[in-house]
Amino acid sequence: MERFYITTPIYYVNSTPHIGHAYTTIAADILARHRRQRGDDTFFLTGVDEHAAKVARVAAEQGLTPQAYADGIVVAWRELPERLNASNDFFIRTSDAEHKRFVQGFLQRLYDNGHVYQDVYAGLYCVGCEAFKTEADLVDGKCPEHDREPEWIEERNWFFRLSSFGPQLLELFERADFVQPGFRANEARSFVEGGLQDFSISRAGQTWGIPIPWDPESVAYVWADALVNYLSALTYARPGEDLLETFWPSVRHLLGKDILRFHCVYWPAMLLAAGYDPPRQLFVHGWLLLDDRKISKSLGNAVDPLDLIDVYGADPVRFWCVRAVSFGQDGAASLAGIHERYERELGNDLGNLLSRTTAMVARYREGHLRAAPSPAGSVAAAVAPLALDVGERLDRFDVTGALERIWEVVRVLNREVEATAPWQLAKDEARAGELDRVLYDLVDGLRAVAIALSAYVPKTAAAILAALRQPAAVDWSLVAYGLTEETEAIAAAPPLFPRIEAPVP
Ligand code: MSP
């Protein structure tokens, strides 16, 4: 049994979630559910990042205190994992009292260990990124991420001696799988090799944030507060238990490429400075673009994932997100794509396969499936390597590749129906044994596929198993050929994915 602690970034609450945020949460949930299937001791964390300057600004625009504003909008953010059917073990808010206390202790450790000093920061700050910027980060004087000129700030801040961590960080990057995929590791490594500059971990003249313990007039810089959530949550997620011992450092951080430096460079250094082990692994994924454009409120393409779920349901949204764009790469998805995949892949490939299989068992065998495995058949050959192949891909965070591997078996099963034409076999009494074997292979293959799919589309998987009158357990060892026993009372199943008329919300 392994320990597997998976995190999403905590999302800024300056506006409501869009499909890009749902993307990371879905991927993390797939990995968490899969590890639970394998029996690993798993913990899945997501949540929100509240102490950002941009949050304070939006609150002010609405005439609210930042806390009152955050308390309101957090409802929508909690709804995101809930409606996605994500199995997160905890939802952290950085305004939680326990988190605030932990951050103060963490910063105090940096200070006590001699990694912090006071200086004046005179330079640029992009509120969109919540990051200090140098001229080299800008294009035509603007932050390329936010297409906006950063602000000039000049304040007395507390600095973290990042510059002294170069060699230790480079050593970490020697570990082949520390940052995945490899090209992102190279990006992080060359940032370190380019020479590290100390960075400010406090902000002056602001009240929204966690007070610096030795200088309560200043508050923690939002990243020095937010990153620490990955540790702090473990200390209070389960009342009365400290999960740090169990899950640190077995952590895998999922993050978008926009926040690579903070996670792959700043965070490991801060951990080392405070006396913690660095994370086990970081996986950096690309952008989910909608119709080739970055998703943003100002472009008017910020699709609300909850609207999509209202129309299609959580499983199709989960399925589409990881299938549309190869996880790890940048890629364009489209809303037309979700409708297409709903009808063609989920409706036809999978849904019809279940309808046909159950209808045939009902019609030709009065719902009674005989145990008639064919260990040398093509279904057995397709299912046998599935558990290993999918597991191996998911160990590499290849969420898209693993799903495609499962889908190959779905296609094998559909071909099996066409190739064996059970409706012909049913006409010929002499071929009853053959028909029994085909029906068995279809039911058993679908059963194995459903269990393999259950991390991706948990409700659909449960519905398939129920329709096949199979146990609801989804242990990974059940992704194997020939485990279906003689089964009674299989009835023609209603469509898994009924037609939807209004395609795009
Ligand atoms: N609050 C920081 C993270 C702190 S973690 C200690 C932050 N928040 S954010 O709200 O901007 O969310 C960033 C994350 O949301 C990205 O890293 C990525 O995981 C996800 N995504 C937001 N838009 C996305 C896409 N269009 N496509 C894919 N992921 C996207 O940064």
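Scroll up to find the structure this text is about.
Every value quoted in this text rests on a predicted model; they were computed, and no experiment measured them.

Visitor: Help me understand the sheet that holds strand β11 (residues 211-212) in this model?
Guide: Where strands meet in a sheet, backbone hydrogen bonds hold them as pairs that are either parallel or antiparallel. Spatially, the three strands line up as an open sheet ordered β10-β12-β11, and their pairing is antiparallel. Bordering the open sheet on either side are β10 (202-203) and β11, each of which pairs with just one other strand. Where β11 and strand β12 (residues 215-220) come together, two bridges link them in antiparallel fashion. Note that in β12 the partner of isoleucine 212 across the bridge is aspartate 215.

Visitor: Would you mind going over the sheet that holds strand β5 (residues 116-126) with me for this structure?
Guide: Sheet architecture is open: four strands sit in the order β6-β5-β7-β9, paired in antiparallel fashion. Each edge of the sheet is formed by a strand with only one pairing partner; in this case those strands are β6 (131-133) and β9 (199-200). Both β5 and β6 contribute to a ladder of three bridges, which runs antiparallel. Following the sheet pairing, cysteine 126 is matched in β6 by alanine 131.

Visitor: When you look at the site of the ligand in this model, what are you seeing that I'm missing?
Guide: In the region of the ligand, 24 residues are neighbours, and Ile10, Thr24, Asp49, Trp287 and Leu288 sit closest. Between the ligand and the protein, one listed contact pairs a nitrogen atom with a backbone N or O atom of isoleucine 10 at 2.8 Å. Between an oxygen atom of the ligand and a main-chain N or O atom of tyrosine 12, the distance comes to 3.0 Å. Considering the ligand on its own, with 670 Å² of exposed area, one finds that the protein chains cover 95% of that surface. Elements represented by at least two residues in the shell around the ligand include exactly β2 (11-12), α1 (19-37), α7 (222-226) and α8 (229-236).

Visitor: Is there a simple way to explain empty space enclosed by the protein in this structure?
Guide: The gaps left among the atoms become clear once a water-sized probe is rolled over them. Taken as a whole and assessed by the stated rule, the structure comprises one cavity of 30 Å³ or more. Estimated volume of the largest cavity: approximately 50 Å³. Lining the largest cavity are His51, Ala52, Ala53, Tyr125, Glu130, Arg203, Gln206, Trp208, Val219, Ala220, Tyr221 and Val222. Each residue belonging to the lining of the largest cavity can be placed in one class, and the counts come to eight nonpolar, two polar and two charged.

Visitor: Hey, could you run me through the packing of aromatic side chains in this one?
Guide: The geometry of an aromatic ring pair is captured by the separation of the ring centres together with the interplanar angle, meaning the angle of the planes. Overall, the coordinates contain 31 aromatic pairs when judged by the stated rule. Geometrically, the ring pair formed by tyrosine 125 and phenylalanine 132 is edge-to-face, given 5.0 Å between the ring centres and 70° between the ring planes. Positioned over the ring face of tyrosine 125 is arginine 203, at 4.4 Å from the centre of the ring.

Visitor: Explanation requested: the pairing of strand β1 (residues 3-7) in the structure shown.
Guide: Where a strand is regular, its side chains alternate between the two sheet faces. With four of five residues buried, β1 is to be regarded as a mostly interior element. Sheet topology note: the β1/strand β13 (residues 251-256) ladder contains three bridges and is parallel. Of the residues in β13, the one forming a bridge with threonine 7 is histidine 253.

Visitor: How should unusual backbone geometry be read in this particular structure?
Guide: Apart from glycine, the bulk of residues carry a negative phi angle, and the bulk of peptide bonds sit in the trans form. The linkage connecting glutamine 180 with the following residue, proline 181, adopts the cis geometry, with an omega of -15°. Structurally, the position occupied by proline 181 is in the loop between β8 (179-180) and α6 (182-193). Of the consecutive residues tryptophan 248 and proline 249, the connecting peptide bond is found in the cis state with omega at 10°. Positioned with a positive phi, phenylalanine 397 is a non-glycine residue whose angle comes to about 65°. Turning to its location among the elements, phenylalanine 397 is positioned in the loop between α15 (386-395) and α16 (399-420). Classification of phenylalanine 397 as buried rests on a relative accessible area of 3%.

Visitor: Just checking my understanding: could you explain the side chain of threonine 42 for this structure?
Guide: Among the secondary structure elements, threonine 42 is positioned in strand β3 (residues 41-49). Of the polar contacts made by the side chain of threonine 42, one reaches the backbone oxygen of aspartate 40; its length is 2.9 Å. For threonine 42, the residues in contact, after removing those within four places along its chain, are Phe4, Ala32, Arg35, Arg36, Asp89 and Phe247.

Visitor: Looking at this model, I keep getting lost on α6. Mind explaining?
Guide: Each full turn of the α-helix corresponds to 3.6 residues, which orients residues three or four apart in the same direction. For α6, which comprises 12 residues, the first-to-last C-alpha distance of 16 Å matches the rise-based estimate of 16 Å (1.5 Å per residue) to within 8%. Contacts made by the buried residues of α6 are with α5 (166-174), β8, α10 (260-274) and β14 (281-285). Just beyond α6, the residue with positive phi is glycine 195, at close to 100°.

Visitor: When you look at the state of the cysteines in this model, what are you seeing that I'm missing?
Guide: A full pass over the atoms with the stated rule returns zero disulfides. Between cysteine 264, a free cysteine, and cysteine 129, which holds the nearest cysteine sulfur, the sulfur-to-sulfur gap is 16 Å.

Visitor: Sorry, what's going on with the packing of helix α4 (residues 97-112) against α10 here?
Guide: Helices that pack against each other are described as a pair by the angle of their axes relative to one another and the distance between those axes. Here α4 crosses α10 at 75°, and the two axes come no closer than 8 Å. With respect to α10, the axis of α4 lies roughly perpendicular. The residues of α10 that touch α4, namely those facing Phe106, Arg109 and Leu110, are Trp267, Met270, Leu271, Ala273 and Ala274. A breakdown of the residues in the contact of α4 with α10 according to their chemical character gives seven nonpolar, no polar and one charged.

Visitor: Teacher, can you tell me more about the packing of α6 against α10 here?
Guide: In contact at an axis separation of 10 Å, α6 and α10 are set at 60° when each is read in the N-to-C sense. As far as their axial angle goes, α10 and α6 are oblique. You can see that α6 and α10 cross each other, and the crossing is right-handed. Residue-level inspection shows Arg184, Glu187, Ala188, Phe191 and Val192 of α6 in contact with α10, the latter providing Leu260, Arg261, Cys264, Val265 and Tyr266. When its residues are assigned to classes, the contact of α6 with α10 shows seven nonpolar, no polar and three charged.

Visitor: Whenever I open this one, α10 confuses me. Can you help?
Guide: In this model α10 runs 21 Å from its N-terminal to its C-terminal C-alpha over 15 residues, within 8% of the 21 Å that 1.5 Å per residue would give. Maximum bend of α10: about 35°, positioned at tyrosine 266, with proline proline 268 one to four residues after it. Where burial is concerned, most of α10 is hidden: 13 out of the 15 residues are buried. In the stretch just after α10, glycine 275 is the one whose phi turns positive, near 90°.

Cut-offs applied
- Residues numbered from 1 in each chain as written.
- Predicted model: local features only at pLDDT ≥ 70, side-chain atom pairs only at ≥ 80, totals over all residues.
- Heavy atoms only, no water.
- Pairing = 2+ DSSP bridges.
- Helix = DSSP H or I, 4+ residues; strand = E, 2+ residues; numbered from the N terminus.
- Near = heavy atom within 4 Å.
- Polar contact = N/O pair within 3.5 Å; in protein donor to acceptor, adjacent residues only side chain to side chain.
- Areas by Shrake-Rupley, 256 points an atom, 1.4 Å probe, with all protein chains shown as cover.
- 1 Å grid on protein atoms, 1.4 Å probe; cavity = no way out; pocket = protein on both sides within 12 Å on 5 of 7 lines; lining within 4 Å.
- Points joined across faces, edges and corners; volume = space filled by probe spheres on them.
- Nonpolar A, V, L, I, M, F, W, Y, C, P; charged D, E, K, R; others polar.
- Phe/Tyr/Trp six-rings, centres within 6.5 Å; stacked < 30°, edge-to-face > 60°.
- Lys NZ or Arg CZ within 6 Å of the ring centre and 35° of its normal.
- Buried < 20%, exposed > 50% of the residue type's maximum accessible area, 1.4 Å probe, protein only.
- Contact = heavy atoms within 4.5 Å.
- Expected span 1.5 Å × (residues − 1).
- Disulfide = S-S within 2.5 Å.
- Axes fitted to C-alpha atoms, helices over the stretch in contact; angles between N-to-C directions.
- Parallel < 35°, antiparallel > 145°, perpendicular 65-115°, else oblique.
- Left-handed = near helix turned anticlockwise from the far one by under 90°.
- Bend = angle between axes of the 7 residues up to and from the residue.

Function cannot be inferred from these measures alone, as they are strictly geometric.
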